[in-house]
Amino acid sequence: MKRRSVSAVLVFLIVAGAAISYLIATGERGLSRQIPPARTLDVSRLDQAEATDLGWTAQGLDAVFAHAAALSTDSLMIVTDGRIVGSFGNLSKTYNVHSIRKSLLSTLIGQQLGSAENRLRLDATLLELGIDDAPMPLSALQRQATVLHLLKSTSGINHPAAASGGLQAEIDRRLGIEDNEPGTLWAYNNWDYNALTTVFETETETAIADAFDAAIAQPIGLQDFKRTDVTYVADANVSEHRAAMFEMSARDLARIGQVFIDDGRANGAQILPVDWISRITTDFTETGIDGLRWGHGYLWWIPAPETGLPEGSFWAWGLGNQALMVIPEWDTVIVHQSDTTEFLKRYLPLIGDQGMTGEAALLQLLLACRDREARESEYCTEHRFISRREFEQLVSLIVAARK
């Protein structure tokens, strides 16, 4: 599999961490006033009668896609009862899904636990598994954390991690700098997820790409996924544990979501244990974050009741508001993707060459597309960064589109 250079890795750490922490902590300081639509979407829709039978209103769906036209969304799919109610974009094109990787890792672990040859133990401690770190080793207390603690983001381990970047301030706030009793504190902590990747690969003796291809992609019939779509971000200067990154198409993400809707089954086979799926929404931790990230369970986000999404809903999220939403009560999967490539091309020079902070650079790029002349440019109409509030508005319109 492809490996990235250390310099590329460090760039990724700065970009992803700074942007994510800014989006979660500030909500973009209110910079979410909708930009007038400057593009026409080629939307595919079921006819009105069929959509109505599946629980959607034509007027509501019109509003959803009109809002998406004002964003830089590259693909959007709404799938109900296995049928595409509405979509646009190249659904076969793969994009970096950023932190959706964590929910994909969770899916792979759930599959392993349900398999006859399962080699994972949720109650195994890092000490029992021989998991440590370098150049900064773990303490004796930290090595008492279990695989389950890593899955639930409650290891309490505050340790430098690959692909963490600007998240460190939030991790320090939640975990402090002293050792914590495992299982007592929650933090969105890339060290947990990277160590979990090491645990999986070590215990199963299988690389993430190979395991995902054999246990998930092939059995459920993914059309676009290739083993080379999994790469690693590593930084040996801070940790020996790597982040396994994924590229994925909209239609493949939707197919993964459908497995959860169908109680873990696909093509006549049981891919995921039913009890594993139920754990996501019954054994989660409240995060202290409002809205769509109100809860976190087994590397999936749980929306707050006030979002209007039904109880039992859960979703995967990544930088740029990549999203895979699973809504069992509606028998629905929703996929949202936005290519962050052009955004990063502008963002990197601001923090690398001009020395701006991540927050200041993101703020400048958001404000730039408010300018009357600039907002008609290709970048602002096709590639600009979608703010958290704009995405939340999209979800609100989806909720309103249910009859």
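Calculation criteria
- Residues numbered from 1 in each chain as written.
- Predicted model: local features only at pLDDT ≥ 70, side-chain atom pairs only at ≥ 80, totals over all residues.
- Heavy atoms only, no water.
- 1 Å grid on protein atoms, 1.4 Å probe; cavity = no way out; pocket = protein on both sides within 12 Å on 5 of 7 lines; lining within 4 Å.
- Points joined across faces, edges and corners; volume = space filled by probe spheres on them.
- Helix = DSSP H or I, 4+ residues; strand = E, 2+ residues; numbered from the N terminus.
- Nonpolar A, V, L, I, M, F, W, Y, C, P; charged D, E, K, R; others polar.
- Salt bridge = Lys/Arg side-chain N within 4 Å of Asp/Glu carboxyl O.
- Buried < 20%, exposed > 50% of the residue type's maximum accessible area, 1.4 Å probe, protein only.
- Phe/Tyr/Trp six-rings, centres within 6.5 Å; stacked < 30°, edge-to-face > 60°.
- Lys NZ or Arg CZ within 6 Å of the ring centre and 35° of its normal.
- Axes fitted to C-alpha atoms, helices over the stretch in contact; angles between N-to-C directions.
- Left-handed = near helix turned anticlockwise from the far one by under 90°.
- Contact = heavy atoms within 4.5 Å.
- Disulfide = S-S within 2.5 Å.
- Parallel < 35°, antiparallel > 145°, perpendicular 65-115°, else oblique.
- Pairing = 2+ DSSP bridges.

> What is the right way to look at the layout of surface pockets in this model?
Rolling a probe over the atoms, with the probe sized like a water molecule, indicates the empty space that remains. Size it by volume and the second largest pocket reaches roughly 270 Å³. Every residue lining the second largest pocket is counted, 16 residues in all, and those nearest its centre are Gly82, Arg251, Ala254, Arg255 and Gln258. Of all the secondary-structure elements, those providing two or more residues to the lining of the second largest pocket are strand S2 (75-80), helix H10 (250-261) and strand S7 (265-266). The element that contributes the greatest number of residues to the lining of the second largest pocket is H10, accounting for five residues. Across the lining of the second largest pocket, the residue classes tally to eight nonpolar, four polar and four charged.

> Before we go on, may I ask you to explain the pattern of salt bridges in this structure?
Here the idea is simple: oppositely charged side chains can pair when their charged atoms come close. Counted under the stated rule, the structure contains 18 salt bridges. Asp283 is paired through a salt bridge with Lys152; the nearest N and O atoms lie 2.8 Å apart. Pair noted here: Asp283 is in the loop between helix H11 (274-282) and strand S9 (285-286) and Lys152 is in the loop between helix H6 (147-151) and helix H7 (168-175), with a separation of 131 residues, a long-range link. Using a relative accessible area of 27% as the deciding quantity, one classes Asp283 as partly exposed. One network of salt bridges, with partners in common, ties together Arg121, Asp123 and Glu128.

> Explain the packing of aromatic side chains here, please?
For any two aromatic rings, the description comes down to two numbers: the centre-to-centre distance and the angle of the planes. By the definition in use, this model includes 16 aromatic pairs. Where Phe284 meets Trp294, the ring centres are 5.6 Å apart and the plane angle is 55 degrees; that geometry is what we call tilted. With Phe284 in the loop between H11 and S9 and Trp294 in the loop between S9 and strand S10 (295-297), this pair connects stretches of sequence that are ten residues apart. Residue class for Phe284 comes out partly exposed when judged on its relative accessible area of 27%. Look at Trp315 and Phe391: their rings are 5.7 Å apart centre to centre, the planes differ by 20 degrees, and that puts the pair in the stacked class. Here the residue Trp315 occupies a position in strand S12 (residues 314-318), and Phe391 occupies one in helix H15 (residues 388-400), the gap between them amounting to 76 residues. Phe391 carries the same exposure label as Trp315, and that label is buried. Every member of this aromatic cluster is reached through a ring pair, and the members are Trp186, Tyr188, Tyr193 and Trp301. One cation-aromatic arrangement involves Arg242 over Tyr232; the distance from NZ or CZ to the ring centre is 3.5 Å. Directly above the aromatic system of Trp317 lies the positively charged group of Arg293, at a separation of 4.1 Å from the ring centroid.

> Please clarify how the packing of helix H4 (residues 100-114) against helix H8 (residues 190-204) should be interpreted in this entry.
A pair of packed helices can be characterised by two numbers: the angle between their axes and the separation between those axes. Look at H4 against H8: their axes get within 11 Å of each other, and the N-to-C directions meet at 35 degrees. Along this stretch, H4 crosses H8, giving a crossing that reads as left-handed. Side by side, H4 and H8 meet where Arg101, Lys102, Leu105, Leu108, Ile109 and Gln112 of the first sit next to Asn190, Tyr193, Asn194, Leu196, Thr197, Phe200 and Thr204 of the second. Taken together, the residues that form the contact of H4 with H8 break down as six nonpolar, five polar and two charged.

> Can you help me understand the state of the cysteines in this one?
Disulfide: a covalent bond connecting the sulfur atoms of a pair of cysteines. If you walk through the whole model with that rule in mind, you get one disulfide. Paired through a disulfide, Cys369 and Cys380 show a sulfur-sulfur distance of 2.1 Å. Handedness of the Cys369-Cys380 disulfide follows from its S-S torsion of about -85 degrees: it is left-handed. Residue Cys369 is located in the loop between helix H13 (358-368) and helix H14 (378-383), and its partner Cys380 is located in helix H14; the two are separated by eleven residues in the primary sequence. The pair Cys369 / Cys380 is uniform in exposure class, with both members buried.

> How do you make sense of the packing of helix H12 (residues 341-352) against H13 when you look at a structure like this?
Taken N-terminus to C-terminus, the directions of H12 and H13 make an angle of 135 degrees; their axes are 9 Å apart at the nearest point. Taken together, the axes of H12 and H13 are oblique relative to one another. As H12 packs across H13, the resulting crossing turns out to be right-handed. Across the interface between the two elements, Phe343, Arg346, Tyr347, Leu350 and Ile351 of H12 pack against Gly358, Ala361, Leu362, Gln364 and Leu365 of H13. Residues belonging to the contact of H12 with H13 are distributed by class as follows: seven nonpolar, two polar and one charged.

> What is the right way to look at the pairing of strand S13 (residues 322-327) in this model?
Side-chain direction in a regular strand flips from residue to residue, so the side chains alternate between the two faces of the sheet. Most of S13 sits inside the fold, with six of its six residues counted as buried. A two-sided burial pattern is seen for S13, the buried positions comprising Gln322, Leu324 and Val326 on one face and Ala323, Met325 and Ile327 on the other. Sheet topology note: the S12/S13 ladder contains five bridges and is antiparallel. In the sheet register, Trp317 faces S13, and the bridge partner there is Ala323. Hairpin connection from S13 to strand S14 (residues 332-337): four residues lie between these consecutive antiparallel strands, with Asp331 at a positive phi of about 55 degrees.

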